[in-house]
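# Coordinate inspection notes
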Amino acid sequence: MLPDGYRIVPLRVDHAEAAAAAYTRNREHLAPWDPVREESFYTVEGQQDALVRQLSLVEGGLMAAWVIEHGPDVVGRVNLNNVVRGVLCSAAVGYWVDQTHLRRGLATAAVEHACREAAAMGLHRVEAGTMVHNVASQRVLLRAGFEQYGMAPRFLFIAGDWQDHNLYQRILHDAPLPVTAPTFG
Ligand SMILES: CC(C)(COP(=O)(O)OP(=O)(O)OC[C@H]1O[C@@H](n2cnc3c(N)ncnc32)[C@H](O)[C@@H]1OP(=O)(O)O)[C@@H](O)C(=O)NCCC(=O)NCCS
């Protein structure tokens, strides 16, 4: 459950200013877990560009994106990335929380929100990868009902290196796909 005073809302272009401020405040906090960013990423214009790109993916059904708001501030993000339909029906959840709002259940609530939305989108499964030493993120996933199903060596290029990741998934339902659903083949 989301603690009092916080809201999870769909991403909008006009989040750019608060998002730039949030990424600037949290630059060191997020650096070990994020790709290396260009300097422009931390500017309002850079965020406008990034959010426009992300919202076009949302429009195309390839992504879903939300912001955690506290008053006028952006204090976190949660995304469903790489939405795939067909026989996989899956997406990858990504999230972060502002360093001054940690350990209040925000990430857990955000991941649970993304899973409810994924189920409403008709997806079967949500996956997540965490660097092997990201204990906080692993706790979030376990609390949100995910289970670890593997470890992928050199899985993602994070913080300037190909990093090993623990792989997690949460199965949302076991309803069969309609026989008319598009499949590979
Ligand atoms: C990982 C992160 C999102 C957790 O956010 P949060 O809002 O503090 O998480 P929650 O409050 O929902 O905590 C969920 C669980 O994680 C535990 N936890 C949180 N931070 C922890 C830490 N630093 N060490 C150990 N456990 C931690 C909490 O205690 C809780 O577990 P519990 O119920 O068993 O006590 C946040 O630390 C963050 O933004 N990290 C940097 C970005 C990142 O790692 N993103 C994920 C990439 S896969």
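Coordinates for the structure precede this section.
Quick notes on the rules
- Residues numbered from 1 in each chain as written.
- Predicted model: local features only at pLDDT ≥ 70, side-chain atom pairs only at ≥ 80, totals over all residues.
- Heavy atoms only, no water.
- Buried < 20%, exposed > 50% of the residue type's maximum accessible area, 1.4 Å probe, protein only.
- Helix = DSSP H or I, 4+ residues; strand = E, 2+ residues; numbered from the N terminus.
- Near = heavy atom within 4 Å.
- Polar contact = N/O pair within 3.5 Å; in protein donor to acceptor, adjacent residues only side chain to side chain.
- Areas by Shrake-Rupley, 256 points an atom, 1.4 Å probe, with all protein chains shown as cover.
- Pairing = 2+ DSSP bridges.
- Axes fitted to C-alpha atoms, helices over the stretch in contact; angles between N-to-C directions.
- Contact = heavy atoms within 4.5 Å.
- Arc of directions from axis to C-beta.

### Focus: unusual backbone geometry
- Here the phi dihedral of N82 falls at roughly 50 degrees; this positive angle occurs in a residue that is not glycine.
- With a relative accessible area of 59%, N82 lands in the exposed category.
- With a phi close to 50 degrees, C89 is a non-glycine residue in the positive phi region.
- On the secondary structure map, C89 appears in the loop between β3 (73-84) and β4 (90-97).
- On the basis of relative accessibility, which here comes to 6%, the residue C89 falls in the buried class.

### Section: the site of the ligand
- The local shell around the ligand holds 20 residues, among which R103, G105, T108, R139 and R143 are the closest.
- A107 is positioned such that a nitrogen or oxygen atom in its backbone is 3.0 Å from an oxygen atom of the ligand.
- Side-chain polar atom of R143 to an oxygen atom of the ligand: 2.5 Å apart, as the coordinates give it.
- Taken by itself the ligand offers 920 Å² of open surface, and the protein chains cover 77% of this.
- When contributions to the shell around the ligand are tallied by element, the ones reaching two or more residues are α2 (27-30), β4, α4 (106-120) and α5 (135-143).
- Top contributing element to the shell around the ligand by residue count: α5, with five residues.

### Some thoughts on the sheet that holds strand β7 (residues 161-171)
- Taking strand neighbours across the sheet as the criterion, the seven strands line up as β1-β2-β3-β4-β5-β7-β6 in an open arrangement whose pairing is mixed. Edge positions in the sheet fall to β1 (6-10) and β6 (147-158), since each of these pairs with one other strand and no more. Between one strand axis and the next, the sheet turns through 25 degrees on average, direction left out of account.
- Sheet topology places strand β2 (residues 64-70) next to β3; seven bridges connect them, and they run antiparallel. If you follow I68 over to β3, its bridge partner there is G76.
- On top of the sheet, helix α1 (residues 16-25) reaches β3 and β4; it is set at about 100 degrees to β3, its chief contact.
- Packing against the sheet, α4 makes contact with β1, β2, β3, β4, β5 (125-131) and β7, and its axis sits at approximately 145 degrees to β2.

### A word on α5
- The complete set of buried residues in α5 reads S137, Q138, V140 and L141. Looking down the long axis of α5, one finds its buried residues gathered within 155 degrees of arc, a one-sided arrangement. Exposed residues on α5 whose side chains face more than 90 degrees from its buried face are V135, A136 and R143.
- Taken together, the buried residues of α5 touch β4, α4, β5 and β7.
- Of the residues flanking the end of α5, it is G145, one or two places downstream, whose phi is positive at about 90 degrees.

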